[in-house]
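Close look at the chain arrangement
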Amino acid sequence: MTTISKSQPIMMRTALIGLIFSVIVSLWGQYASAQMNYHYITRTQIPLCLMAPFLLLILIPNLLLRSRNASRALNTSELITIFCMGLVASMVPDWALVRYLVSLITAPNYFASQENQWAERFFEFLPQWLVVPNDNGQVSYFYAGLPSGGSIPWRAWFYPLFWWMSAMGALLFVGTCLIVILRKQWVEHERLHFPMGEVALRLMEIDEDGSRIPRLYRNRVFQIGFMITIAIMCWNIISFWGFLPRIPIPNQYTSIVLDPAFPPLNIRLAPFVLCFAFFVNLEILFSVWVFQLFRIIEMGMLNRFGIISGSTSIVPGGLVSIQLCGGLIMFVLWGFWMARGHLKQVVYHAFGRKTELRDADELFSYRTAVFGLIAGAVYLVAWLNAIGFTVPIAVLFLFFLYVFYIGIARVLAEGGLVNLDLPINAHAFTVGMVGSANLTGSTLTGLGLTNAFARNWRTFTMVSLSHVAWLRDSIWPNRGMLMLWLSAAFVVSVVTSFSYVIYSGYTQGADNLQVNLTSTGILFYDLIVKWMRNATSISDLEIIFLTSGAAINMLLVAGRFFFFWWPLNPIGFVIGASAPIMNFVFTFFVAWLIKVILMRMGGVSLYRKTQPLFLGILVGYILGVVMAYAVDTVWFPDTPHAVEIF
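Here we summarise the structure given alongside this text. (Residues numbered from 1 in each chain as written. Predicted model: local features only at pLDDT ≥ 70, side-chain atom pairs only at ≥ 80, totals over all residues. Heavy atoms only, no water.)

**Side note on the overall build of the protein chain**
What counts here: Numbering of helices and strands runs from the N terminus; a helix is a DSSP stretch of H or I covering at least four residues, while a strand is a stretch of E covering at least two. Taken over C-alpha atoms, the radius of gyration is set against a globule rule of 2.2 Å times the number of residues to the power 0.38. When accessible area is computed with a 1.4 Å probe and restricted to protein chains, residues below 20% of their type maximum are described as buried, those above 50% as exposed, and intermediate ones as partly exposed. By definition, residues are in contact when any of their heavy atoms lie within 4.5 Å. Using the Shrake-Rupley algorithm and a 1.4 Å probe, accessible areas are obtained, with residue cover drawn only from the displayed protein chains. For the purpose of charge, His is not counted, nor are the chain termini; Lys and Arg are scored as positive and Asp and Glu as negative. Taken as the charge location is NZ of Lys, CZ of Arg, CG of Asp or CD of Glu.
Across its full length, the protein chain carries 27 helices and four strands. Relative to its length of 646 residues, the protein chain is compact, with a C-alpha radius of gyration of 25 Å against a globular reference of 26 Å. Summarising its shape, the C-alpha atoms of the protein chain cover approximately 70 × 70 × 65 Å along the three principal directions. When each of the 646 residues of the protein chain is scored for burial, the buried share is 58%. Nonlocal contacts in the protein chain, meaning residues at least 24 apart in sequence, comprise 82% of its contacts between residues at least 6 apart. As displayed, the protein chain has an accessible area near 26,000 Å², and 65% of this comes from carbon and sulfur atoms. Computed over 39 positive and 30 negative side-chain charges, the separation of the two mean positions in the protein chain equals 9 Å.

**Notes on the packing of helix α8 (residues 154-189) against helix α16 (residues 366-386)**
The condition is simple: Geometry is summarised by axes, namely lines fitted to C-alpha atoms with helices restricted to the contacting stretch, and by angles between N-to-C directions that run from 0 to 180 degrees. Take the far helix as your reference; a near helix turned counterclockwise from it by less than a right angle gives a left-handed crossing, and one turned clockwise gives a right-handed crossing. Residue polarity follows a fixed list, in which Ala, Val, Leu, Ile, Met, Phe, Trp, Tyr, Cys and Pro are nonpolar, Asp, Glu, Lys and Arg are charged, and the others, Gly among them, are polar.
Interhelical geometry of α8 versus α16 gives an angle of 145 degrees and a closest axis separation of 8 Å. By crossing handedness, the relation of α8 to α16 is classed as left-handed. A breakdown of the residues in the contact of α8 with α16 according to their chemical character gives 19 nonpolar, four polar and one charged.

**Thoughts on the side chain of Thr-42**
Definition in use: In protein, a polar contact requires one atom able to donate a hydrogen and another able to accept it; more generally it is a pair of N or O atoms within 3.5 Å, and residues adjacent in sequence count only if both atoms are side-chain atoms.
Within the secondary structure layout, Thr-42 lies in the loop between α1 (12-36) and α2 (48-68). By relative accessible area, which is 0% here, Thr-42 ends up buried. Here Trp-95 takes part through its backbone nitrogen, which lies 3.4 Å from a polar atom of the side chain of Thr-42. Beyond its immediate chain neighbours, meaning those up to four positions away, Thr-42 contacts Gly-29, Ser-33, Pro-47, Cys-49, Pro-93, Asp-94, Trp-95, Ala-96 and Arg-458.

**Some remarks on the packing of aromatic side chains**
Operational definition: Between rings of Phe, Tyr and Trp, where Trp is taken as its six-membered ring, a pair exists when centres lie within 6.5 Å; planes separated by under 30 degrees are stacked, by over 60 edge-to-face, and by other angles tilted. Whether a charge sits over a ring depends on NZ of Lys or CZ of Arg being within 6 Å of the ring centre and within 35 degrees of the ring normal.
The full count for this structure, using the stated rule, is 55 aromatic pairs. Plain terms: the ring middles of Trp-28 and Tyr-629 are 5.4 Å apart, the flat faces sit at 90 degrees to each other, and that makes the pair edge-to-face. With Trp-28 in helix α1 and Tyr-629 in helix α27 (residues 585-635), the pair connects residues that are 601 residues apart, well separated along the chain. Accessibility expressed as a relative area gives 10% for Tyr-629, which makes it buried. Between Phe-194 and Trp-470 the ring centres are 5.3 Å apart and the planes differ by 10 degrees, which places this aromatic pair in the stacked class. Separated by 276 residues along the polypeptide, Phe-194 in the loop between α8 and α9 (195-204) and Trp-470 in helix α21 (residues 463-471) bring together distant segments of the chain. For Trp-470, a relative accessible area of 16% corresponds to the buried category. Grouped by ring-pair contacts, the aromatic residues Tyr-110, Phe-111, Phe-142, Tyr-143, Trp-157 and Tyr-506 constitute a single cluster. Across the ring face of Trp-95, the terminal group of Arg-43 is positioned such that the distance to the ring centre comes to 4.7 Å. Above the face of the Trp-95 ring, Arg-99 is positioned so that its terminal group lies 4.1 Å from the ring centre.

**Brief notes about the pattern of salt bridges**
The criterion, for reference: We define a salt bridge as a side-chain nitrogen of Lys or Arg found within 4 Å of a carboxyl oxygen belonging to Asp or Glu.
Under the counting rule described, the total for this entry stands at 13 salt bridges. In this structure, Arg-183 and Glu-188 form a salt bridge, with 3.3 Å as the shortest nitrogen-oxygen distance. Overall, the relative accessible area of 5% leaves Arg-183 in the buried class. The exposure class assigned to Glu-188 is partly exposed, which follows from its relative accessible area of 32%. Note that Arg-358 and Asp-361 form a salt bridge whose closest N and O atoms lie 2.5 Å from each other. Residue Arg-358 is classed as partly exposed on the basis of its relative accessible area, which comes to 44%.

Structure, rendered in structure tokens:
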């Protein structure tokens, strides 16, 4: 047991390496997406744009350095710190943030036309300080490319990006305050597992016995998993030239259709998802695929009986998706009820009352978290009001927004399903609950602008921040000022990613990039026109399914509470409408089946002995993706094999 009772500041070499690594994560994530169509490397909750450079540029070189001179190598705490900074930096490139925001601030003054009626419908309500002007061709040249001798109009971008990033910063700060408030409840009271964080920790472990090569990498089972996977990846890379048939791992989507009235059951095996799923609780894996069958059967039966809802105002996907998302809302609200005692202690501590809470255990003090939460919420309400919201709608919207954000963070803290998003978006949900006919044109326009973050399931959902807060417990003693360096990593990533997109847009033409800004921006603003043209509101039937989902969730909670043998976890129900869960349900079933067989054959001991196999598969797969990317860059830049990344 260490005798050090007070944490020390992060060492400067660690911080500098972390900042350089953050630049690499953001630049490669953005470049690979824009130039090579490898946009999926930014989509998962622990993305490949983080894992690949961390393995290739940090972990492997550090292992080599440790084998030669252990005293100069990074220790586990330093590796975790650098990983956390990279995780925060990965919240910016392409699908994480850039694609949404750049589409929003460039589309209105470039794509407005008589046909889409944007100017007639909402331009009078559109805050021009949030979009790039096009009076001198600033946006036209961005999409088409600069003429010869032209210069990039950086100033035109500075003003809207400044105000957008003030809101984004406030959103992240409020999310961080909530994580500080909830961390002890999740980690110590509910003992959530954080499977994604466990995988990262296992890869970074350095043995305390002084061994130059960590035990994991000397493990024969790990080496077998790594060699088999890297061999398959190399085979598939050679197949790019057509010399060899491709081994279908990962395979293309294959669907089984039980009946035309029933949704298809997707069959696909994704190694990246499988490796993380292996560390997920058996009960959760079982619940995931069981509730996918439930979704398919219920949707099919409703279609057979003609019980449908034509509205997609609340949740795309129909009544069953609305039902499942009703379960998500109740899941979050019940979680707050369970945490009521802890939340009371947090408030007491923030106001100077004596409690057992320790500020040293958190990213920053509880006082900062409570008053920062209030101040951040006030600023967000004011910002939303400035872009057109009425104050009551702004408050309601933020309530829904953070319910969904906390929901997905809580699900991933326990479930660790690395590829997860949800179909429920706070802006569309707000319109549906209030009714578009009851909202002003300025409020509807403001709600459309919130596409930048309301539909974003990577950056603002507090998933990365909750895992950073969990990983912080493993950083000792040099973890002081961690929040400062995490903020610096985010700022560096913002500057790097946005600068690259702006530069490449003007030099190559954004229409020639692979980030598809055109259709994204048109989709966002067409939604405003749709709301204005059509009276959108939740129907009685949708209310019934929404409330029934909440009731089902409570039944699942009660089953876990009263019956020790209860096999179903509410998480499987609340994420049932997620498209990635639908697409990778077979992968989760395979992970569950493997774990069941291992547990039956050798119990927990055999399961633990098998874990290095899947860590080896993961490392081999990530390095295989890097090899595939390198080959695509050199030999197939115009036709990259993006299928290899999943």
